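# An overview of the molecular structure
Single-letter residue listing:
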Amino acid sequence: MIAENLETLTNYLWHESTKKINTLLIHETDFNISDYYYLTAISNMEHPNFGDVAHALNLTKPAVSALIKRLIHHELIEKIQCEEDKRIFYLSITQKGKEMINGDSNLYARLESLISHSVNPDELQALDHLLNKIVSLISKEYSA
């Protein structure tokens, strides 16, 4: 039963997220889930360069270079040349990229509102406690 509910929730979140992605990339056919993952990972980094992204995502620099080209092609990120060392480029999320990522944040806020208006305060606190435990377990497993 829990697995089925998690599947339904995951499918709902993915469906809603892809609606936003499809709206922003209406004519693009080569954008995929990996590209979206990389975009969100880059957005969580503070002015990363290619090496930072390669390290964080455990990718080779040539793979990162190809990924960055795709994200630039979709106008989701841009390269900014370092003033001190012209060989170094930092990555910045474009407005279009921010809209895509913020779409998910808005989706999570809507889901939180739906839940908080559908349960009593004790149930909401119990759910929050349970989700914190799950996130902690996943974080430990992910960082291992």
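To be clear, the structure that these remarks concern was listed above.
Residues numbered from 1 in each chain as written. Predicted model: local features only at pLDDT ≥ 70, side-chain atom pairs only at ≥ 80, totals over all residues. Heavy atoms only, no water.

## So, the side chain of Asp35
Considering the arrangement of structural elements, one finds Asp35 in helix H2 (residues 33-43). Apart from residues no more than four positions distant in its own chain, Asp35 is found in contact with Asp30, Arg70 and Leu71. (Helix = DSSP H or I, 4+ residues; strand = E, 2+ residues; numbered from the N terminus. Contact = heavy atoms within 4.5 Å.)

## Considerations on a nonpolar patch on the surface
A cluster of nonpolar side chains, Tyr37, Val119, Leu124, Leu127, Leu130, Leu131, Ile134, Ile138 and Tyr142, forms an exposed patch at the surface whose accessible area comes to about 810 Å². Ranked by residues supplied to the nonpolar patch, first place goes to helix H6 (residues 121-143) with seven residues. With respect to the helices and strands, Val119 occurs in the loop between helix H5 (95-116) and H6. (Patch = residues over 30% accessible without salt bridge, like charges linked within 9 Å, V, L, I, M, F, W, Y side chains within 5 Å. Areas by Shrake-Rupley, 256 points an atom, 1.4 Å probe, with all protein chains shown as cover. Salt bridge = Lys/Arg side-chain N within 4 Å of Asp/Glu carboxyl O.)

## Focus on the packing of aromatic side chains
According to the stated counting rule, one finds two aromatic pairs in the structure shown. Ring geometry for Trp14 against Tyr36: centres 6.4 Å apart, planes inclined by 65°, an arrangement best described as edge-to-face. In this pair, Trp14 sits in helix H1 (residues 2-24) while Tyr36 sits in helix H2, placing the two residues 22 residues apart along the sequence. Looking at Trp14, the relative accessible area reads 36%, which means it is partly exposed. (Phe/Tyr/Trp six-rings, centres within 6.5 Å; stacked < 30°, edge-to-face > 60°. Buried < 20%, exposed > 50% of the residue type's maximum accessible area, 1.4 Å probe, protein only.)

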